[in-house]
Amino acid sequence: MIISGSTAVERALMLMPMHLLLDTDGIVHSCGPTLRKLIGRVRYVQSALALRRVPPDTEFMPRLKEIAQEGGRVFLGIHNTRLPPLRGEVVMLPENYILLNLSFGIGIIEAISAYQLTEADFAANDLAIEIMYLHESNQAIRAELSRHSLHLEEARKEAELQSYTDTLTGLLNRRGFDLALSRVLHQWTLPIGNRQEFSLLHLDLDRFKAVNDSLGHAAGDEVLCNVASILKRETRNNDSVARIGGDEFMILLPGMTSEAEIVHIGERIISAIEQPVSIGEHQCSISASIGGVLSRHYEVISAEQIQADGDTALYDAKRNGRGHVRLHKRDIRAHKAV
Amino acid sequence: MHGFIIRGIELFVRTRHDEGIWIAVSSQAGINPCGAMIMRQYHENTPKLMVQAASDALRISREEFLEDIGGWIPCINSVRHIMRFSGATFEDFVLSLDDLHDRGRVVLPGLNLPRIVINVISPNCYRLSISADQADWYPVLTGFLRGMADDYGVLAIVDQEESGLCVRIADNTFAEGRAFSLIKQSGTDG
């Protein structure tokens, strides 16, 4: 220490583990032990630290002296680290010595782990360790809350999925179908250009009751599952297939506008369902009837109306000898044009 | 994307606009309409979907919507309080924004607030820049800085330029700023 009669200064510096004592050339005359862990032994302060929050061409030592005289704060970035700037105060001491007393700011948490600092590296009146306690406990609680809410979110999704699913076949249930229908109806009500047409098939099994009555409910369930897998196989991924009652199914086909194609899909489904299935030593032979409706035949659609029309078409199909596809012929647009 | 950001956009939509807009935003971004969860990560694309859906529904541009969010932030009393704590003057506040990224990270790991680099161009003139992948923060920051300038009672001109945001403090006796004390008054938090 070169300041004359410096015992008092020397003692004061012991209270500051992150101090720097500089002369006006920027030569380091004393460096606190904690700061030394960060910047090592340097002769010139500029080789370890850079002024921050100042115009780019600011000269280091003249500015530091100005700050010392004005009594402002100083922000110093450490070369070659991503730590946020150190911050502190600067004062002029006798004989033109400049004293900086620095601290970490928000970089404290990173610095503690990067430089393996402990309680002993901080002044007794520094709240660093208290910050660490708060930080660690905050992170622990946050992690727990995060885990908990993830758990709740998964449970919610699972419950939602279940509430829309038919547990026997894995198809949509009535609620799931209503939701899917409301979605395609929404797409249909968009302005022309964005509007998407759709078709609806209403399918009812023929001779299913006979299987149930003669072979029991377990056999009936097996037949239903077999039908479900046929429907999944014969439709596209974005079609919605639902079992809405005992042996009643609904299929929503977004974007489908071709009558011929609907009849073709329906006939393929029926012929697949008509393939005999062996259950135990019995052969089950059932069939299905399908009623179809196309959204493009409507000017206004309600969920009730289109389902009622699907039902009517299905009834037509059944009356015409079962095992057939019938389309609902209600061309309102054509009708209006007449 | 951190749930904190998602929830922030949600709160803005629900307090400044109406539930109808929120229903559109949540359904198009695939968020639970009951509300986003602050403690989970969402898909990186979620905020973009939300902003697109909201600006479509409100018939304004994405930039306008983002700027409105930024302007709304200083109206949240707890945020305003902590922001005012960062600087005694508007200049100090602007300069302290280089700590924002690290402060956010300490509070919520994974909360990737933009890393803002501040260049002092001349007295009362600053340039704020953010990395290109976070450029959507520029309009947010513009609204936010204008709102905070009002709060300090400072007339600041904030312009988006090619190299970043330019903040010029025109007159720092523009108006009486809102009173600020480090002692939080009870009942003022919202």
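Position numbers for residues count from 1 along each chain, tracking the sequence in the order it is written. Lettering for chains starts from A, numbering for ligands starts from 1, and both go in the order in which the items are written. Per-residue local features of the predicted model are confined to residues with pLDDT of at least 70, and side-chain atom pairs are confined, for both listing and counting, to 80 or more; whole-chain, interface and lining totals are unaffected and use all residues. Values reported for side chains reflect all heavy atoms of the structure, with hydrogen atoms and water molecules removed beforehand.

Undergrad: Would you mind going over helix 3 (residues 60-70) of chain A in detail, with residue names and values included?
TA: Counting along an α-helix, one turn takes 3.6 residues, and residues three or four places apart therefore face a common direction. Residue and element names in this part refer to chain A. Residues Phe60, Met61, Leu64, Ile67 and Ala68 constitute the buried set of helix 3. Along the axis of helix 3, the buried positions cluster into a sector of 120°, meaning they face one direction only. Turned more than 90 degrees away from the buried face of helix 3, the exposed residues are Gln69 and Glu70. Residues are treated as being in contact if the distance between any of their heavy atoms lies within 4.5 Å. Strands here are runs of E lasting at least two residues and helices are runs of H or I lasting at least four, both read from the DSSP assignment and numbered beginning at the N terminus. Those residues of helix 3 that are buried are in contact with strand 1 (19-22), strand 3 (49-51), strand 4 (73-78), strand 5 (86-93) and strand 6 (97-103). Glycine 71, located one to two residues past helix 3, shows a positive phi value of around 80°. Only protein chains enter the accessibility calculation, which uses a 1.4 Å probe. A residue is then buried if its area is under 20% of the maximum for its type, exposed if over 50%, and partly exposed in between. Think of the arc as the fan of directions from the helix axis to the C-beta atoms.

Undergrad: Describe the nonpolar core, naming the residues involved and giving the relevant values.
TA: By size, the foremost hydrophobic cluster in this structure holds 52 residues, and its most contacted members are Phe90, Phe93, Leu128 and Leu145 of chain B. In terms of residue count, the dominant contributor to this core is helix 8 (residues 137-152) of chain B (eight residues). Look past the residues within four positions of phenylalanine 93 of chain B in its chain and what remains in contact with it is Met83, Gly87, Phe144, Leu145, Met148 and Tyr152 of chain B. Take the buried residues of types Ala, Val, Leu, Ile, Met, Phe, Trp, Tyr and Cys, join any two whose side-chain atoms come within 4.5 Å, and each joined set is a nonpolar core. Core analysis: the second largest hydrophobic core is formed by 38 residues, Cys31, Leu35, Val54 and Phe122 of chain A among them.

Undergrad: So what's going on with the packing of helix 4 (residues 62-72) of chain B against helix 8 of chain B? Which residues, and what values?
TA: To characterise two packed helices, one gives the angle between the axes of the helices and the distance between these axes. Residue and element names in this part refer to chain B. Helix 8 packs onto helix 4 with a crossing angle of 40° between their chain directions and a minimal axis gap of 6 Å. On the basis of the axis angle, helix 4 is oblique to helix 8. Judged by the twist between their axes, the crossing of helix 4 over helix 8 is right-handed. Contacts between helix 4 and helix 8 involve Glu63, Leu66, Glu67, Gly70 and Gly71 from the former and Pro139, Val140, Thr142, Gly143, Phe144 and Arg146 from the latter. Among the residues forming the contact of helix 4 with helix 8, the class breakdown is four nonpolar, four polar and three charged. Here the axes come from fitting lines to C-alpha atoms, over the contacting stretch only for helices, and the angles between their N-to-C directions go from 0 to 180 degrees. An angle below 35 degrees is treated as roughly parallel, one above 145 as roughly antiparallel, one from 65 to 115 as roughly perpendicular, and anything else as oblique. Should the near helix be turned anticlockwise from the far one by less than a right angle, the crossing is termed left-handed; should it be turned clockwise, right-handed. Classification used: nonpolar for Ala, Val, Leu, Ile, Met, Phe, Trp, Tyr, Cys and Pro, charged for Asp, Glu, Lys and Arg, polar for all others including Gly.

Undergrad: I'd like to hear about the interface of chain B and chain A, residue by residue, with values.
TA: With 17 residues of chain B at the contact, the number on the chain A side is 21 residues. Joining two parts hides part of their accessible area as seen by a 1.4 Å probe, and the buried area is that hidden amount summed over both. Summed over both sides, the interface of chain B with chain A buries roughly 1800 Å², with 54% coming from carbon and sulfur. When the buried area of chain B at its contact with chain A is split by residue, Met39, Val106 and Val120 of chain B rank highest and sum to 31% of it. Counted as salt bridges are all cases of a side-chain nitrogen of Lys or Arg within 4 Å of a carboxyl oxygen of Asp or Glu. On inspection of chain B and its partner chain A, the count reaches five salt bridges. Between arginine 105 of chain B and glutamate 110 of chain A there is a salt bridge, and its shortest N-O distance comes to 2.7 Å. Elements that contribute at least two residues to the side of chain B that touches chain A include exactly helix 6 (90-96) and helix 7 (100-107) of chain B. The element contributing the most residues to the side of chain B that touches chain A is helix 7 of chain B, with five residues. Partitioned by chemical class, the residues of the side of chain B that touches chain A number eight nonpolar, two polar and seven charged.

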